[in-house]
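Residues per chain, in single letters:
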Amino acid sequence: DALILEVGLGGRLDATNVVTPRVSVITSLSMDHMAVLGDTLAKIAGEKAGIIKEGIPVVSAPQKEDAIEVLLRVAREKNTSITVIGKDVEFKPISASLDGQSFILHPSPFIFSIPLLGSHQLVNAATAYAALKASGIEISDEAIQKGFSQVKWHARFEVARREPPVIFDSAHNDDSFAKLRETLE
């Protein structure tokens with residue numbers, strides 16, 4: 001019924017840009033692939049904003065000021081709405097352990113649980129929730145709740161063994177290293 005198509009590198013010149021989606025999603029932007037995307041966060045955001053299409057809703061994870069300004073400007077130019085996580089869709093952690101974490105999302109009255117660890121995974125879940133809602137696909141909060149509870153993402157703070165602890169993580173840039181450090185703490 002649905003396909004999630006991940007943009008390869010950037011967005012503006014990516015081959016996936018020929019597709020007209022139900023919703024475009026921009027996850028956390030950071031200084032990465034700078035040789036191709038640009039040497040400032042604003043330039044990188046400009047390349048990523050290339051997926052924003054006329055009249056197609058956009059969902060964005062929280063962004064630094066330089067990046068969100070670009071995304072908001074491009075959304076205005078393309079006459080489309082943009083939902084920003086942390087502003088238009090809010091989330092609040094309830095509990096966390098090595099087994100996962102639970103949280104609430106506003107405007108949903110439900111409690112959601114994910115087996116993924118780290119506060120950045122709450123941002124990802126809120127972004128996914130908002131994207132599902134913006135897509136126009138009829139899906140209940142109960143179905144999203146069930147899907148969230150069963151998600152797996154290998155090598156993203158994956159606890160392979162508890163004693164002695166063995167954790168796999170694919171951190172690869174300053175931003176993801178910071179999220180790894182925060183989760184380890």
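This text goes with the structure placed above it.
In this text the structure is predicted, and so the values were computed from the model without any measurement. (Residues numbered from 1 in each chain as written. Predicted model: local features only at pLDDT ≥ 70, side-chain atom pairs only at ≥ 80, totals over all residues. Heavy atoms only, no water.)

Draft legend 1. Summary view of unusual backbone geometry. Between Glu163 and the following residue, Pro164, the backbone shows a cis peptide bond with an omega angle of -15°. A positive phi angle, near 50°, is found at Asn79, a position not held by glycine. Here Asn79 falls in the exposed class, since its relative accessible area comes to 57%. (Buried < 20%, exposed > 50% of the residue type's maximum accessible area, 1.4 Å probe, protein only.)

Draft legend 2. Expanded view of helix 4 (residues 119–135). With 17 residues, helix 4 extends 25 Å between its outermost C-alpha atoms, agreeing within 8% with the 24 Å of an ideal straight helix rising 1.5 Å per residue. Residues of helix 4 that are buried include every one of His120, Gln121, Leu122, Val123, Ala125, Ala126, Thr127, Tyr129, Ala130, Ala131 and Ser135, and no others. Immediately downstream of helix 4, the backbone of Gly136 shows phi near 85°, a positive value. (Helix = DSSP H or I, 4+ residues; strand = E, 2+ residues; numbered from the N terminus. Expected span 1.5 Å × (residues − 1).)

Draft legend 3. Molecular detail of the sheet that holds strand 2 (residues 58–60). With respect to topology, 3 strands assemble into an open sheet ordered 1-2-3, the strand pairing being parallel. Two strands lie at the open edges of the sheet, namely strand 1 (24–26) and strand 3 (82–84), each paired on one side alone. Strand-to-strand, the axes of this sheet are offset by a mean angle of 20°, without reference to chain direction. Across 3 bridges, strand 2 lies against strand 3 in parallel orientation. Across the sheet, the residue bridging to Val59 is Thr83, located in strand 3. Sitting on the sheet, helix 4 is in contact with strand 1, strand 2 and strand 3, with an inclination near 170° to strand 2. (Pairing = 2+ DSSP bridges. Axes fitted to C-alpha atoms, helices over the stretch in contact; angles between N-to-C directions. Contact = heavy atoms within 4.5 Å.)

Draft legend 4. Layout of helix 5 (residues 141–150). Within the span of helix 5, buried status applies to Asp141, Ile144 and Phe148. What you see down the axis of helix 5 is that its buried residues fit within an arc of 55°, all on one side. For helix 5, the exposed residues lying more than 90 degrees away from the buried face are Lys146 and Gln150. Of the surrounding elements, those touching the buried residues of helix 5 are strand 5 (100–106), strand 6 (111–114) and helix 4. (Arc of directions from axis to C-beta.)

Draft legend 5. Spotlight on the packing of aromatic side chains. In the structure shown here, the tally under the stated rule is 5 aromatic pairs. Measuring from ring centre to ring centre gives 5.8 Å for Phe103 and Phe112, while their planes differ by 25°; the resulting arrangement is stacked. In this structure Phe112 comes out as buried when scored by relative accessible area, which is 0%. With 5.7 Å between their ring centres and 65° between their planes, Phe112 and Phe148 make a pair best called edge-to-face. (Phe/Tyr/Trp six-rings, centres within 6.5 Å; stacked < 30°, edge-to-face > 60°.)

Draft legend 6. Broad picture of the environment of Leu180. On the secondary structure map, Leu180 appears in helix 6 (residues 174–184). On a C-alpha basis, the gap between Leu180 and Val7 in space is 23 Å, while along the polypeptide they are 173 residues apart.

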